Amino acid sequence: MRKRKITAFKYKYEFESINNEIEAYSLGLFFTDGSVSQKIYNNMTNSQAVIHLQSQDASVLYAINSYVSDDTSVNCTEKYCYIRFSHRDLVSNLINLGCKQNKTYEGLTWPTIPENIISHFIRGVFDGDGCITSDKGRFPKAYIACTDITFLEKIQEVLLSNNISSSINTEKRVGKTFKVPHGYSSNCIDLHRLYIRRKEELKKFKVYLYRDAETLIQRKKDTFDRYVDTEINVTPKEVTSS
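So, here's what we can say about the structure. (Residues numbered from 1 in each chain as written. Predicted model: local features only at pLDDT ≥ 70, side-chain atom pairs only at ≥ 80, totals over all residues. Heavy atoms only, no water.)

Of note in the backbone geometry, N102 takes a positive phi value of approximately 55 degrees without being a glycine. Following the sequence through the fold, N102 ends up in the loop between α3 (88-96) and α4 (103-106). Even without a glycine there, the phi angle at N163 is positive, about 65 degrees. (Helix = DSSP H or I, 4+ residues; strand = E, 2+ residues; numbered from the N terminus.)

Once the charged atoms of two side chains with opposite charge are near each other, the side chains can pair. Taken as a whole and judged by the stated rule, the model has 12 salt bridges. The shortest N-O distance in the salt bridge between K12 and D70 comes to 3.0 Å. Of this pair, K12 sits in the segment before α1 (21-32) while D70 is found in the loop between α2 (58-68) and β3 (74-76), placing the two residues 58 residues apart along the sequence. With relative accessibility at 49%, the residue K12 sits in the partly exposed group. Between R123 and E21 there is a salt bridge, with the nearest N and O atoms lying 2.7 Å from each other. Note that R123 is positioned in helix α5 (residues 118-129) and E21 in helix α1, a separation of 102 residues in sequence. The exposure classification of R123 matches that of E21, with both residues buried. Within this structure, R198, E200, E201 and K204 form a network of salt bridges that share partners. (Salt bridge = Lys/Arg side-chain N within 4 Å of Asp/Glu carboxyl O. Buried < 20%, exposed > 50% of the residue type's maximum accessible area, 1.4 Å probe, protein only.)

What follows covers the sheet that holds β3. Taken in spatial order, the four strands of this open sheet run β1-β2-β4-β3, and their pairing is antiparallel. Both edges of this open sheet fall to β1 (34-41) and β3, since each of them pairs with a single strand only. Adjacent strand axes in the sheet meet at a mean angle of 25 degrees when their direction is disregarded. Across the face of the sheet, α2 comes into contact with β2 (44-54), β3 and β4 (80-85) while running at roughly 15 degrees to β4. Contacting β1, β2 and β4, α3 crosses the sheet at an angle of about 120 degrees to β1. (Pairing = 2+ DSSP bridges. Axes fitted to C-alpha atoms, helices over the stretch in contact; angles between N-to-C directions. Contact = heavy atoms within 4.5 Å.)

Take the packing of aromatic side chains next. Under the defined criterion, the tally for this structure stands at 14 aromatic pairs. With centroids separated by 5.4 Å and ring planes inclined at 85 degrees, the aromatic side chains of W110 and F121 adopt a geometry described as edge-to-face. Of this pair, W110 sits in the loop between α4 and α5 while F121 sits in helix α5, and the two are 11 residues apart along the sequence. Arranged with centres 5.3 Å apart and planes meeting at 50 degrees, the rings of W110 and F151 form a pair that is tilted. With W110 in the loop between α4 and α5 and F151 in helix α6 (residues 149-161), this residue pair connects regions lying 41 residues apart in the sequence. In this structure W110 comes out as partly exposed when scored by relative accessible area, which is 23%. Cluster of aromatic residues (ring-pair linked, three or more members): Y13, F15, F30 and Y67. In this structure, R193 is placed above the aromatic ring of Y143, and the distance from its NZ or CZ to the ring centre is 5.6 Å. Its guanidinium or amino end placed over the ring of Y210, K221 lies 5.6 Å from that ring's centre, counting from NZ or CZ. (Phe/Tyr/Trp six-rings, centres within 6.5 Å; stacked < 30°, edge-to-face > 60°. Lys NZ or Arg CZ within 6 Å of the ring centre and 35° of its normal.)

Running from amino to carboxyl end, helix α7 (residues 199-210) crosses helix α8 (residues 218-228) at an angle of 150 degrees, the nearest separation of the two axes being 10 Å. The angle between the axes of α7 and α8 places the two elements in the roughly antiparallel class. As for the relative orientation of α7 and α8, their crossing is left-handed in sense. Here α7 contributes K199, L202, K203, F205, K206, L209 and Y210 to the contact with α8, which in turn contributes K220, K221, F224, D225, Y227 and V228. For the contact of α7 with α8, the residue count by class is seven nonpolar, no polar and six charged. (Parallel < 35°, antiparallel > 145°, perpendicular 65-115°, else oblique. Left-handed = near helix turned anticlockwise from the far one by under 90°. Nonpolar A, V, L, I, M, F, W, Y, C, P; charged D, E, K, R; others polar.)

Inspection of the secondary structure assignment puts K203 in helix α7. The exposure class of K203 is partly exposed, given its relative accessible area of 36%. K203 sits 21 residues away from F224 along the chain, and the two C-alpha atoms are 9.2 Å apart.

Contact geometry of α1 with α2 gives a least axis separation of 11 Å together with a crossing angle of 120 degrees. Here α1 lies oblique to α2, going by the angle between them. Along this stretch, α1 crosses α2, giving a crossing that reads as left-handed. Contact residues: I22, E23, Y25, S26 and L29 in α1; V60, A63, I64 and Y67 in α2. The class makeup of the residues in the contact of α1 with α2 is seven nonpolar, one polar and one charged.

Here is the structure:
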């Protein structure tokens, strides 16, 4: 039987450390809309790191993919796009940085990132699990959702150090049944949301997120602009990344 030839992809960047804008942003996106896994089959380690986004946000994935490897590609359907990196060291580095396997239930660990690029990491988190919307079309608000309240408290601490006020609310989900992509699940845990309210706070948050930003989900920033940079009431559709 002819043996299948296995081609080893070359990687230019393996998340061994976080040193610039795109590296910090990519890590934030892996923490939220990404997943990592390392499993052993037949004494071999199968490692994967994946990010899924809506197809309209594919430009972000192309930027990350180009930075990480010339051999991998962005895969798209009509609705969704994703990148997949199957590299043991890259996946191990992401896990060591705090992007855990089964992160919904095991939580996240705050990564070691230079202070001057933490805002890019938080922008990646916001683009993954954040939202800009309004109450009754009149009162704009932004929030980041996460099952790990300690992680949100760390973001809150960073925002407060930049004179941005926020609050954290908890939605009790334990013991309840919720709709999930492939049906319903009763194996739920509480969901926490960090809120930034009031237009003056949102303006500061927007400046913090997008200062010196090159990698971002543009449609989310556009909606942020519409809510924050206008004096009239606007009611654009709530924008999330998933």
